[in-house]
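Per-entry structural report
One-letter residues, chain by chain:
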Amino acid sequence: MRLGILTSGGDCQALNATMRALVLTLHKNIDDLEIIGFIDGYKGLMYENYKVMKVEDFKDILNMGGTILGSSRCPFKKMRVIENGFDKVEAMKRTYKKLELDCLAVLGGNGSLKSANMLYEEGLHVIALPKTIDNDTWGTDYTFGFQSAIDIATTYLEQIQTTARSHSRLFVVEIMGHKVGHICLHAGIAAGADAILLPEMPYDIDALSRAIQKKQKEGQRSFVIACAEGALSKDEAALSKKQYKRIVKAREGKSVAYEIADKLAKLVDMEVRVSCCGHVQRGGNPCAYDKVMATRFGVEGARLILNQQFGRLPVSKGTEVTSIPLTETAGQLKYVDPNGEYVQTARALGICFGDEMSES
Ligand code: F6P
């Protein structure tokens, strides 16, 4: 049995842990397991850049962050675009056939899962594994990497809190998450942030500043706002996709936290600072929870391969790890529910979401 394996898209802490579980489980069940590791994600599959690997290569990587295979971004929307006469999809199919693979395991986030589904529909034996710190994959409660990122973002917010208190400052701390606010919401609750701004809950800068002023009057001297990188104002949310993209482009790489900080500096009588947590949220080793989840996903992925159930994705639902067809998840995002329990819990403590409801 010849297994191809690749890690695609932004990395995260538990990629290696997931590959380890997948490979060790297959090894326990298959005598003649051969492993081809593709370098830098789909690029390796396209350009036949791979290494023949041994089971031993996967044994001691449970606690190792990053990915031993390397990763890259190959956007799904460009997969079918022929560039300089190069047909990427045909090239990937060619490599798969040339290497006589029996199956391909893709560890990836949303775009990568769409590409995995496309390859499955093209006739390859593909299974995928749900990776992303953003936890925005539809159909699964959890994606590996999420908890490690929350832990890092939480520590970051807590460290900002101490300096904010010393200097009686207001900090806007930017947290990753792309178009969704799961990391920001969880880290904001875990660190006891004063406000949490999420893409799913457009903020009103006046409501936000009034909430801060009210607390100032009550004697609070410092504030930490957890701001998701995709946070947007009510006015921005009312724009078309095209108009909003233009606004983001006009920021010239300066992220949203700076814009919010500039607006707040004009409305509240405080020194305002920005701090961006950044890629450190994807760095370092996986936390224990991620190692457990990665192991569960990897074992389920191996079961799918052993049972020849291709075109599927292991997912966690409640306390179970099961699997769903890739077609169910491809192309959909899982957003924070603005009326869900997590948001209600934060509101119960008086954490502000930059809306009128936070003022009552
Ligand atoms: O999807 C993971 C993620 O870290 C997002 O939270 C973030 O928006 C993006 O990747 C950053 O991508 P890059 O590593 O390409 O800068």
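1. Points about the site of the ligand
In the vicinity of the ligand, the contacting residues are Arg 73, Ile 133, Asp 134, Met 176, Gly 177, His 178, Glu 229, His 279 and Arg 282. Contacts to the ligand include Gly 177, whose backbone N or O atom sits 3.1 Å from an oxygen atom. Between an oxygen atom of the ligand and a side-chain N or O atom of Arg 282, the distance comes to 2.9 Å. Starting from 400 Å² of accessible surface for the ligand in isolation, the protein chains cover 72%. A class-by-class count of the residues in the shell around the ligand yields 2 nonpolar, 3 polar and 4 charged.

2. Structural notes on the sheet that holds strand β9 (residues 271-276)
A sheet is described by the order of its strands in space; here 4 strands give the open sequence β7-β8-β6-β9, paired in parallel fashion. On the outer flanks of this sheet lie β7 (195-197) and β9, each paired with one strand and no other. Mean inter-strand twist for the sheet, computed between neighbouring axes without regard to direction, equals 20°. Pairing geometry for β7 and strand β8 (residues 223-228), over 3 bridges, is parallel. Looking at the pairing, Ile 196 lines up with Ala 226 of β8. Contacting β6 (169-175), β7 and β8, helix α6 (residues 182-191) runs over the sheet at an angle of about 175° to β7.

3. Observations regarding helix α4 (residues 110-121)
If you check α4, its first and last C-alpha atoms are 17 Å apart, about what 12 residues at 1.5 Å a residue would give, namely 16 Å. For α4, the set of buried residues is Asn 110, Ser 112, Leu 113, Ser 115, Ala 116, Asn 117, Met 118 and Leu 119. Just past α4, the residue Gly 123 takes up positive phi, approximately 105°.

4. Re the packing of aromatic side chains
A full pass over the atoms with the stated rule returns 5 aromatic pairs. Summarising the aromatic geometry, the rings of Tyr 142 and Tyr 289 are spaced 5.2 Å apart at their centres and angled 90° between planes, so their arrangement reads as edge-to-face. With a gap of 147 residues between them, Tyr 142 in the loop between β5 (126-130) and α5 (146-167) and Tyr 289 in helix α11 (residues 288-306) connect regions that are remote in the sequence. What makes Tyr 142 buried here is its relative accessible area of 6%. Among the aromatic residues, those joined into a cluster by ring pairs are Tyr 142, Phe 146 and Tyr 289.

5. Points about the nonpolar core
Within the largest apolar cluster, 64 residues are counted, with the highest numbers of intra-cluster contacts made by Leu 3, Leu 22, Ile 35, Phe 144, Ile 196, Leu 198 and Phe 353. Tallying contributions element by element places α5 first for this core, with 8 residues. Those residues within four positions of Leu 198 in sequence are excluded, and the remaining contacts are Gly 181, Cys 184, Leu 185, Ala 228, Ala 231, Val 336 and Phe 353. Of all hydrophobic cores here, the second largest spans 26 residues; its members include Ile 36, Leu 101, Met 118 and Leu 326.

6. Quick word on unusual backbone geometry
Of note in this structure, Glu 48 is not a glycine but carries a positive phi near 55°. Positive phi is not limited to glycine here, since His 178 has a value of about 55°. Examined against the element boundaries, His 178 turns out to sit in the loop between β6 and α6.

7. With respect to the state of the cysteines
Counted by the stated rule, this structure contains 0 disulfides. Free cysteine Cys 277: the closest other cysteine sulfur is in Cys 276, separated by 8.9 Å. For Cys 277, a relative accessible area of 6% gives the class buried. We note that Cys 287 lacks a disulfide partner, and the nearest cysteine sulfur, in Cys 12, lies 10 Å from it.

8. A few points about the pattern of salt bridges
Applying the stated rule across the entire model yields 16 salt bridges. Among the ionic pairs, Lys 88 bridges to Glu 83, the shortest N-O distance being 2.6 Å. Lys 88 gets classed as buried once you look at its relative accessible area, which sits at 8%. Salt-bridge contacts for Lys 93 lead to Glu 90; the nearest nitrogen and oxygen are separated by 3.2 Å. Pair noted here: Lys 93 and Glu 90 are both in helix α3 (residues 88-98), with a separation of 3 residues, about one helical turn. Given a relative accessible area of 12%, Lys 93 falls into the buried group. The partly exposed category is assigned to Glu 90, whose relative accessible area is 36%.

Definitions and limits used
- Residues numbered from 1 in each chain as written.
- Predicted model: local features only at pLDDT ≥ 70, side-chain atom pairs only at ≥ 80, totals over all residues.
- Heavy atoms only, no water.
- Near = heavy atom within 4 Å.
- Polar contact = N/O pair within 3.5 Å; in protein donor to acceptor, adjacent residues only side chain to side chain.
- Areas by Shrake-Rupley, 256 points an atom, 1.4 Å probe, with all protein chains shown as cover.
- Nonpolar A, V, L, I, M, F, W, Y, C, P; charged D, E, K, R; others polar.
- Pairing = 2+ DSSP bridges.
- Helix = DSSP H or I, 4+ residues; strand = E, 2+ residues; numbered from the N terminus.
- Axes fitted to C-alpha atoms, helices over the stretch in contact; angles between N-to-C directions.
- Contact = heavy atoms within 4.5 Å.
- Expected span 1.5 Å × (residues − 1).
- Buried < 20%, exposed > 50% of the residue type's maximum accessible area, 1.4 Å probe, protein only.
- Phe/Tyr/Trp six-rings, centres within 6.5 Å; stacked < 30°, edge-to-face > 60°.
- Core = buried A, V, L, I, M, F, W, Y, C linked by side-chain atoms within 4.5 Å.
- Disulfide = S-S within 2.5 Å.
- Salt bridge = Lys/Arg side-chain N within 4 Å of Asp/Glu carboxyl O.

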